[in-house]
Amino acid sequence: MNLFGNMHPVVQALLATCFTWGVTSLGAAAVFLSRQPSRKTLDGMLGFAGGVMIAASYWSLLAPAIELSQGQALPSWLPPAIGFLLGGLFLRGLDLLLPHLHRDLPRSRAEGIKTHWPRSTLFVLAVTLHNIPEGLAVGVAFGAAGAGLESTGLAAAIALALGIGLQNFPEGVAVSMPLRRDGLSRRKSFWYGQLSGFVEVVAGVIGAAAVLHARPILPYALAFAAGAMIFVVIEEVVPETQQGDFGDFATLCAMLGFVAMMTLDVGLG
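(A) Representation of the side chain of serine 189 in the model. Of note, serine 189 is situated in helix α7 (residues 186-195). Of the residues examined, serine 189 reaches a relative accessible area of 0% and is grouped as buried. Here arginine 180 takes part through its backbone nitrogen, which lies 3.3 Å from a polar atom of the side chain of serine 189. Polar contacts involving the side chain of serine 189 include one to the main-chain carbonyl oxygen of serine 185, which spans 2.9 Å. Once residues lying within four places of it in the same chain are set aside, the contact partners of serine 189 are Val31, Ser176, Leu179, Arg180 and Leu184.

(B) Just the confidence of the model for the protein, in detail. Residues at a pLDDT of 70 or more form 96% of the protein, whose mean pLDDT is 87. No element of the protein has a lower mean pLDDT than helix α1 (residues 2-5), which averages 78, and none a higher one than helix α2 (residues 9-28), which averages 94.

(C) Structural context of the packing of α2 against helix α6 (residues 154-181). In contact at an axis separation of 6 Å, α2 and α6 are set at 25° when each is read in the N-to-C sense. On the basis of their axis angle, the class for α2 and α6 is roughly parallel. For the crossing formed where α2 meets α6, the hand is right-handed. Here Gln12, Ala16, Phe19, Thr20, Trp21, Val23, Thr24, Leu26, Gly27 and Ala28 of α2 lie close against α6, whose contacting residues are Leu154, Ala161, Leu162, Ile164, Gly165, Asn168, Phe169, Gly172, Val173 and Ser176. Residue classes in the contact of α2 with α6 are distributed as 12 nonpolar, 8 polar and no charged.

Rules behind the numbers
Each chain has its residues counted from 1, following the order in which its sequence is written. Only residues with pLDDT of at least 70 are given local features in this predicted model, and only at 80 or more are side-chain atom pairs given and counted; all residues enter the totals for whole chains, interfaces and linings. The side-chain quantities take in all heavy atoms of the structure and omit both hydrogens and water. What counts as a helix is a DSSP run of H or I of at least four residues, what counts as a strand is a run of E of at least two, and both are numbered from the N terminus. Buried residues are those whose accessible area, probed at 1.4 Å on protein chains only, stays under 20% of the maximum for their type, while exposed residues exceed 50% and partly exposed ones sit between those limits. Any N or O atom pair separated by 3.5 Å or less is treated as a polar contact, with the protein-specific requirement of one donor-capable and one acceptor-capable atom, and with residues adjacent in sequence counted only for side-chain atom pairs. The criterion used for residue contact is that any of the two residues' heavy atoms lie within 4.5 Å. pLDDT expresses how confident the predictor is about each individual residue, on a scale running from 0 to 100. To define axes, lines are fitted to C-alpha atoms, for helices over the stretch in contact only, and angles between the resulting N-to-C directions are given on a 0 to 180 degree scale. Should an angle fall under 35 degrees it is taken as roughly parallel, and over 145 as roughly antiparallel, whereas 65 to 115 is taken as roughly perpendicular and any remaining angle as oblique. Take the far helix as the reference: if the near one is turned anticlockwise from it by less than a right angle, the crossing is left-handed, and if turned clockwise, right-handed. Ten residue types, Ala, Val, Leu, Ile, Met, Phe, Trp, Tyr, Cys and Pro, are classed as nonpolar, four, Asp, Glu, Lys and Arg, as charged, and the remainder, Gly among them, as polar.

What follows is the structure in structure tokens.
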């Protein structure tokens with residue numbers, strides 16, 4: 001722990017997001033099991049992931065952003081509000097531009113710029129879009145901890161990384177299994193499943209570096225990551241869990257994920 005604490009915040013963000021990527025890969029490896037999870041299990045896992053993201057958005061990102069904004073020239077609610085809305089607008093812009101297809105939807109329902117890319121590629125891009133704010137959140141948290149601010153300590157950043165990692169396992173499963181059902185081999189399904197999580201490493205390093213080099217943007221950056229995650233949950237995660245016959249089960253799993261992340265953040269942060 002002391003060795004990790006003495007590392008540069010960008011290196012900490014790199015290692016933390018490599019951990020979250022590794023957990024995604026572990027989940028994607030479930031495709032090699034002989035028995036595939038049911039639709040109920042996948043919906044429950046995705047609901048759990050959504051609950052973790054909602055809790056992380058407040059306890060690990062928005063609450064510190066509000067606290068850091070107090071005593072400044074602007075009202076304490078304004079920087080977090082601006083950052084939060086910009087995060088949602090950023091994801092909406094990517095949503096309009098990046099070709100992608102959500103789980104279990106026909107090829108004709110693909111979003112973004114029209115392409116002739118395979119359905120599997122579009123599905124992986126949808127999950128990749130989902131993972132950008134998660135990596136960004138972890139990176140910003142470690143950058144904030146490196147800035148030496150009391151409200152955003154190293155323990156809180158570690159708690160966030162653990163929470164994101166916790167929900168990345170079901171995400172990895174939820175990527176590789178549908179690809180397998182679409183006819184891809186187990187090896188390719190695993191490859192694309194783990195690859196969808198690599199964007200977290202890139203986003204995490206960028207987030208940590210940006211915060212360290214421009215400390216005044218910290219409240220905006222924390223809220224930006226929160227807004228991006230909430231956009232993903234409302235626009236993608238929740239609708240996907242409600243399409244089948246297990247919406248109530250997925251909702252209960254989302255509440256469980258929320259409590260798990262809240263416990264991690266309050267207990268460690």
